Amino acid sequence: MNIIHIQELDFEYIASIMNKACEFKNNSTKKQPYNIANGYTLANVFFEPSTRTSLSFEVAMKNLGGHVITFHNDASSTKKGESILDTLKTISVYSDIIVLRHHDCDLIDQIPDIINKPIINAGNGSSEHPTQALLDLFTISQHIDIYSMRQLSILFVGDIKHSRTIHSLVYLLNSFFNSDIQYYCYPFCCDDNLMNNNNTVSSFDNIHNFDVVYSTRLQNERFDNLSHDIKTQSNLLINQSVVDKMKPGSILMHPLPRNHEIDPEVDNDPKCVYFSQIENGIYVRMAIIHSMIEQCSAKCPF
Ligand code: CP
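Notes on the structure follow. Only a predicted model underlies this, so the values are computations on that prediction, with no experimental measurement involved.

## With respect to the overall build of the chain
Regarding its fold elements, the chain presents nine helices and eight strands. The C-alpha atoms of the chain give a radius of gyration of 20 Å, which matches the 19 Å a tight globule of 302 residues would have. Along the first, second and third principal axes, the C-alpha atoms of the chain reach 60 × 45 × 30 Å. Here the chain holds 302 residues, and the buried ones make up 52% of them. Element-wise, carbon and sulfur atoms account for 47% of the exposed surface of the chain, whose accessible area totals about 14200 Å². In the chain, 23 positive and 34 negative side-chain charges are present, and the distance between their average locations comes to 5 Å.

Right, dumping it as structure tokens:
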């Protein structure tokens, strides 16, 4: 099984990942090694920068008793003109699971035809980031009873157009939960596929209505020319006075990295859960790797 598009995951699979991640989280203090991935190798293949996704996949695989190899594009034979597809075919010989991040939105769809190994989309340009959506959903469920609440209200803030984490999470929330989703974005960062006059706000005036506020940075790398007007937008800055207006029990999320959109002065506020998202990424990715290895073992029992 691959994890390429969030749309390909059904509720049964998502629920199984949530439950398994919870089990891994509950057992994390015991520091007992698992041998679930013993003998398996995960390849981290990142053509775009990453701190959390690459390191958490590495930690997750090692926690399960597996090996990790890391592809370094700048020191690879792509610099001698080798194609990306040949590079990935080569990596697949050395590994059992490939985690791929690439700026090309469409490349990931070509991989299953040329590689007979599970592949995980760790971000395809500005399009999708499905494992981030799963860890975000897990984080929400750790704080809010989304399975029994009548409606989850969530405000996405920042660069809606280029944020792959928002695109994947919105799909999950719209598909499997009764969600009221609203957007507050930078100029030139509207996503016409998601936004309309009825779900777009232009201030934090009603921030007290939301169960979840999800902030994102301006994705500078997706613009050819970044206008001064966008760079200096400060009305989307979340500081203590904004957090204080959020309703009791609500949470402030961010996939990170952040630039200036959340003032570090609020980091210790109990509503701010972005550092919990980082930790939860380990358990959710352990659950994903576990499910892939279970399927591999079921296919080839000897
Ligand atoms: N959230 C996220 O994808 O972070 P990295 O870019 O550091 O992997």
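Right, picking up where we left off after that structure.
## A few points about helix α5 (residues 130–143)
The end-to-end C-alpha distance of α5 is 20 Å, a good match for the 20 Å that 14 residues give at a rise of 1.5 Å each. Within α5, 11 of the 14 residues are buried, leaving the element largely enclosed by the surrounding structure. Considered for burial, the residues of α5 that qualify are P130, T131, Q132, A133, L134, L135, D136, L137, F138, T139 and I140.

## Comments concerning the pairing of strand β1 (residues 41–46)
Within a regular beta strand, the side chains point alternately toward one face of the sheet and then the other, so they alternate between its two faces. Burial analysis of β1 places six of its six residues in the buried class, the great majority of the element. As a crossover connection, the stretch from β1 through helix α2 (residues 52–63) into strand β2 (residues 67–71) is right-handed. Pairing between β1 and strand β3 (residues 97–102): five bridges, direction parallel. Its bridge partner being in β3, L42 is matched across the sheet by I97.

## Topic: the layout of surface pockets
Of the voids in this model, the largest pocket is the one considered here, and its volume is about 390 Å³. Contributing elements (two or more residues each) for the lining of the largest pocket: α2 and α6 (164–176). Residue classes in the lining of the largest pocket are distributed as four nonpolar, 10 polar and seven charged.

## Observations regarding the packing of α5 against α6
Axes are the key here: two packed helices are described by the angle between their axes and the distance separating the axes. Remark: α5 packs on α6, axes separated minimally by 8 Å, with the N-to-C direction vectors making an angle of 55°. Here α5 lies oblique to α6, going by the angle between them. Seen along the crossing, α5 lies across α6 with a hand that is right-handed. Taken together, the residues of α6 that come into contact with α5 (itself represented by P130, Q132, A133, L134, D136 and L137) are T165, S168, L169, L172 and L173. Classifying every residue of the contact of α5 with α6 gives seven nonpolar, three polar and one charged.

## A word on the environment of S50
Checked against the element boundaries, S50 lands in the loop between β1 and α2. Judged by relative accessible area, S50 falls into the partly exposed class, the value being 25%. Here the alpha-carbon distance between S50 and K89, two residues 39 residues apart in the chain, equals 22 Å. Separated by 3.4 Å, the side chain of S50 and the backbone nitrogen of T53 make a polar contact.

## Brief notes about the packing of aromatic side chains
Applying the stated criterion across every chain, the model contains nine aromatic pairs. Ring centres 5.5 Å apart and planes at 45° place the aromatic pair F11 and F176 in the tilted group. Of the two residues, F11 sits in helix α1 (residues 11–27) while F176 sits in helix α6, which places them 165 residues apart along the sequence. Of the residues examined, F11 reaches a relative accessible area of 37% and is grouped as partly exposed. Measuring from centroid to centroid gives 5.2 Å for F156 and Y214, while their planes differ by 55°, and the two rings are tilted. Of this pair, F156 sits in strand β5 (residues 152–158) while Y214 sits in strand β7 (residues 212–215), placing them 58 residues apart in sequence. Pairwise contacts between aromatic rings join F11, Y147, F176 and F177 into one cluster. The ring of F24 carries the charged tip of K20 above its face, separated from the ring centre by 5.5 Å.

## Focus: unusual backbone geometry
It is generally the case that most residues other than glycine have a negative phi and that most peptide bonds are trans. Look at the link from L256 to P257: it is a cis peptide, with omega at 5°. Positive phi is not limited to glycine here, since L256 has a value of about 60°. Position of L256 among the secondary structure elements: in the loop between β8 (251–253) and α9 (274–299). Judged by its relative accessible area of 12%, L256 falls in the buried class.

Analysis parameters
- Residues numbered from 1 in each chain as written.
- Predicted model: local features only at pLDDT ≥ 70, side-chain atom pairs only at ≥ 80, totals over all residues.
- Heavy atoms only, no water.
- Helix = DSSP H or I, 4+ residues; strand = E, 2+ residues; numbered from the N terminus.
- Rg over C-alpha atoms; globule rule 2.2 N^0.38 Å.
- Buried < 20%, exposed > 50% of the residue type's maximum accessible area, 1.4 Å probe, protein only.
- Areas by Shrake-Rupley, 256 points an atom, 1.4 Å probe, with all protein chains shown as cover.
- Lys, Arg positive; Asp, Glu negative; His and termini not counted.
- Charge placed at Lys NZ, Arg CZ, Asp CG, Glu CD.
- Expected span 1.5 Å × (residues − 1).
- Right-handed = clockwise from strand over helix to strand, strands pointing away.
- Pairing = 2+ DSSP bridges.
- 1 Å grid on protein atoms, 1.4 Å probe; cavity = no way out; pocket = protein on both sides within 12 Å on 5 of 7 lines; lining within 4 Å.
- Points joined across faces, edges and corners; volume = space filled by probe spheres on them.
- Nonpolar A, V, L, I, M, F, W, Y, C, P; charged D, E, K, R; others polar.
- Axes fitted to C-alpha atoms, helices over the stretch in contact; angles between N-to-C directions.
- Parallel < 35°, antiparallel > 145°, perpendicular 65-115°, else oblique.
- Left-handed = near helix turned anticlockwise from the far one by under 90°.
- Contact = heavy atoms within 4.5 Å.
- Polar contact = N/O pair within 3.5 Å; in protein donor to acceptor, adjacent residues only side chain to side chain.
- Phe/Tyr/Trp six-rings, centres within 6.5 Å; stacked < 30°, edge-to-face > 60°.
- Lys NZ or Arg CZ within 6 Å of the ring centre and 35° of its normal.

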